[in-house]
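Single-letter residue listing:
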Amino acid sequence: MSILVTNVVESFKKQWSIEPQTIAAAPGRVNLIGEHTDYTGGFVLPAAIDREIVLAAARVPGKTISGYSIDFDEEASCETGNYDPGYPSGWFRYVMGVLSELEKSDRTVGGFRFAVGGNVPIGSGLSSSAAIEMATLTAMEGLMGFRMDDVQAALLCQRAENGFVGMNCGIMDQYISRTGKKDHAVLIDCTDLSHRMIPINTPGFSWLVIDSKKKRGLVDSEYNRRRTECEEGAQCARAAFPGRNIRGLRNIDVADLPLMEASCTRTVFKRVRHIVTENSRVMETVNALKAGDTGMVGRCLYGSHASLRDDFEVSCEELDTLVDILSGVEGVSGARLTGAGFGGCVIAFLKESAEKAVEEAVSEQYHPKSLPKGTRADIWPITISDGARIIRN
């Protein structure tokens, strides 16, 4: 077992004085490209990473659910069927949201105890929330003896975050946490929820994640406003193309953009332009990965960041600074913000031989005034890994 798994199991035994019956894990993710396209029915290209949430659990008599978070050093509890969206412990709300959705699907949740911990940085854009949701569901599958279809599992966890936690996210984070495959990105079509495994065919190149240390709170950010603006954009598209069956922005092509510009406000048009061009960049990246065209992969990443910065307006000074620094390092093919934006992480695609130069450049040049003095960005290479799994049952 990994150090993380061992730590969670030992914490469980210390906290509850019993042995866990199920140990489950679910990874965080990095989105290689395709940002804010999932909730508009577009394409995304995420990968599961070697940072995960581990949850150990055991059934107990009665209806009490008791949990302990290693990361917050905090205990929380509730009764089955009595799930409070306003519960003061945020991490426990994600667990309750999944349990609430399980009961809505006619599965009876009994009493249990659990411990949970992880190494997915919280608030950095690597989807710790989807990881804890999927780890909870996977542990429940082990405890209760059932196995959900992957798409249905992702949808259940998405409903937990949308309806219970109050974050109006798309399907991507939960989907990749469930279906990730080692050494592959996953191309997800967010209209029909189909997916294809895309091999990472770039020998000699690696992916780095750089945490800007700028924290973001998505529920309190402008994320939901962007969704509303995209919905307005779809309405404008229907007005601009009355003879076409336009269900959403997925049905708009780059060639349609000039006619769209006259049909909506400047702000809404910029949101539409990002979504439409980002879908195009996702498919270009898929083709480039298959062909081993590292230059095209990099250009798509830089293009995505510029669009997120200028058209979707979800970047920030810290993320822009990191991308600028990376663009000046020889051997870096491309970089962009990854995640919803407003802070969090940057992903870089680079020659393996350039990793040390990137670390030195970021250490020397990244000192944003907005962060406490002495703050340094965390940098780590990512290993593209498998999705959610039961470690022991």
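Look up: the structure comes first, before these words.
This text gives an overview of the structure that appears in the document. Since the model is a prediction, treat every value here as computed from it, not as a measurement.

What counts, and at which threshold
Positions within a chain are numbered from 1, following the residues in the order the chain's sequence is written. For this predicted model, a pLDDT threshold of at least 70 governs which residues receive local features, and a threshold of 80 or more governs which side-chain atom pairs are given and counted, while totals over whole chains, interfaces and linings are taken from all residues. Side-chain figures throughout are based on the complete set of non-hydrogen atoms in the structure, without hydrogens or water. When two rings of Phe, Tyr or Trp (its six-membered ring) have centres within 6.5 Å they constitute a pair, described as stacked for plane angles under 30 degrees, edge-to-face for angles over 60, and tilted for the intermediate range. Counting as a charge over the ring demands two things of the Lys NZ or Arg CZ atom: a distance within 6 Å of the ring centre and an angle within 35 degrees of the ring normal. The nonpolar core is taken to be a set of buried Ala, Val, Leu, Ile, Met, Phe, Trp, Tyr and Cys residues, with the residues joined through side-chain atoms within 4.5 Å. Note on exposure labels: buried denotes an accessible area under 20% of the residue type's maximum, exposed denotes more than 50%, and partly exposed covers the range between, all computed with a 1.4 Å probe on protein chains only. The contact rule is simple, with two residues in contact once any of their heavy atoms fall within 4.5 Å. The convention used is that axes are lines fitted to C-alpha atoms, helices contributing only their stretch in contact, and that angles between N-to-C directions extend from 0 to 180 degrees. Numbering goes from the N terminus for both helices and strands, where a helix is a DSSP run of H or I of at least four residues and a strand is a run of E of at least two. For classification purposes, an angle smaller than 35 degrees is called roughly parallel, one larger than 145 roughly antiparallel, one from 65 to 115 roughly perpendicular, and anything else oblique. Take the far helix as your reference; a near helix turned counterclockwise from it by less than a right angle gives a left-handed crossing, and one turned clockwise gives a right-handed crossing. Only strands joined by at least two bridges in the DSSP assignment are considered to pair. Expected span of a helix, by definition, is 1.5 Å for each gap between consecutive residues, and there is one gap fewer than residues. Polar contact criterion, stated in full: a pair of N or O atoms within 3.5 Å, where within protein one must be able to donate a hydrogen and the other to accept it, and residues adjacent in sequence count only if both atoms are side-chain atoms. Here Asp and Glu are counted as negative and Lys and Arg as positive; His is not counted, and neither are the chain ends. We define a salt bridge as a side-chain nitrogen of Lys or Arg found within 4 Å of a carboxyl oxygen belonging to Asp or Glu. A pair of cysteine sulfur atoms is labelled a disulfide when the two atoms are within 2.5 Å. Three classes are used: nonpolar for Ala, Val, Leu, Ile, Met, Phe, Trp, Tyr, Cys and Pro, charged for Asp, Glu, Lys and Arg, and polar for all others, with Gly counted as polar.

Some remarks on the packing of aromatic side chains
What characterises a pair of aromatic rings is the spacing of the ring centres plus the angle enclosed by the ring planes.
Here's step 1: In this structure the tally under the stated criterion is eight aromatic pairs.
Here's step 2: Judged by centre distance (5.8 Å) and plane angle (35°), the rings of F112 and F114 are tilted.
Here's step 3: Put simply, the rings of Y87, W91, F92, F112 and F114 touch in pairs and so form one group of aromatic residues.
Here's step 4: The lysine or arginine in question, R51, covers the ring of W380, its NZ or CZ lying 4.3 Å from the ring centre.
Here's step 5: Above the ring of F241, the side-chain terminus of R244 is found at 4.6 Å from the ring centroid.

Focus: the nonpolar core
Here's step 1: In terms of nonpolar packing, the biggest core is built from 65 residues, with L45, F92, L99, F112, F114, L137 and W207 touching the most fellow members.
Here's step 2: In contact with L99, other than residues within four places in its own chain, are I65, Y83, V109, F112, T136 and M140.
Here's step 3: Counting 47 residues, the second largest nonpolar core, distinct from the first, contains A234, I246, C264 and A377.

Focus: the packing of helix α2 (residues 90-104) against helix α4 (residues 150-165)
Here's step 1: At their nearest, the axes of α2 and α4 sit 8 Å apart, and the two run at 115° to each other. By the angle class used here, α2 and α4 are roughly perpendicular. For the pair α2 and α4, the crossing hand works out as right-handed. Side by side, α2 and α4 meet where R93, Y94, M96, G97, V98, S100, E101 and L102 of the first sit next to L156, C157, R159, A160, E161, F164 and V165 of the second.

Some words on the sheet that holds strand β9 (residues 332-338)
Here's step 1: Spatial strand order, β9-β10-β8-β11: four strands in an open sheet with antiparallel pairing. Lying at the two open borders of the sheet, with one neighbouring strand each, are β9 and β11 (378-381). Adjacent strand axes in the sheet meet at a mean angle of 20° when their direction is disregarded.
Here's step 2: Note: strand β8 (residues 205-211) against β11, four bridges, orientation antiparallel. Within β11, the residue paired with V209 across the bridge is W380.

Comments concerning α4
In an α-helix, one turn spans 3.6 residues, which is why side chains three or four residues apart end up on the same side.
Here's step 1: With 16 residues, α4 should cover 22 Å at 1.5 Å per step; its first-to-last C-alpha distance of 21 Å lies within 8% of that length.
Here's step 2: Among the residues of α4, A153, A154, L156, C157, Q158, A160, E161, F164 and V165 are the ones counted as buried.
Here's step 3: On its buried side, α4 packs onto α2, α3 (128-144) and α5 (172-179).
Here's step 4: Two or three places before V151, at the opening of α4, D149 has a side-chain oxygen 3.0 Å from that residue's backbone nitrogen.
Here's step 5: The positive-phi residue at the C-terminal boundary of α4 is G166, with phi of around 95°.

Focus: the side chain of R227
Here's step 1: Following the sequence through the fold, R227 ends up in helix α6 (residues 223-240).
Here's step 2: No salt bridge is formed by the buried R227; its nearest oppositely charged neighbour, E231, is found at 4.7 Å.
Here's step 3: The contacts of R227, once residues within four sequence positions are left out, are Y39, N168, C169 and G170.

What about the state of the cysteines?
Here's step 1: The full count for this structure, using the stated rule, is zero disulfides.
Here's step 2: This cysteine, C264, is not joined by any disulfide, and C236 carries the nearest cysteine sulfur, 4.3 Å off.
Here's step 3: A residue is classified by how much of its surface remains accessible, and C264, at 14% relative accessible area, is buried.
Here's step 4: Unpaired in terms of disulfides, C345 finds its nearest cysteine sulfur in C316, a separation of 11 Å.
Here's step 5: The class for C345 is buried, based on a relative accessible area of 0%.

Remarks on the pairing of strand β5 (residues 112-118)
Here's step 1: For β5, a buried count of six out of seven residues is recorded, marking the element as mostly surrounded by other parts of the structure.
Here's step 2: Bridging between strand β3 (residues 64-69) and β5 involves five bridges; their strand directions are parallel. The residue of β5 that forms the bridge with I65 is F112.

As for the packing of α3 against α5
Here's step 1: Interaxial distance between α3 and α5 falls to 9 Å at its minimum, and their mutual angle equals 50°. In terms of orientation, α3 and α5 fall into the oblique class. The element α3 and its partner α5 pack so that their crossing is right-handed. Every residue of α5 that contacts α3 at A130, A131, E133, M134, L137, T138 and E141 is listed here: D173, Q174, S177 and R178.
Here's step 2: Here the contact of α3 with α5 is composed, by residue class, of four nonpolar, three polar and four charged.

Keep in mind that these numbers describe shape and distance, not what the molecule does.
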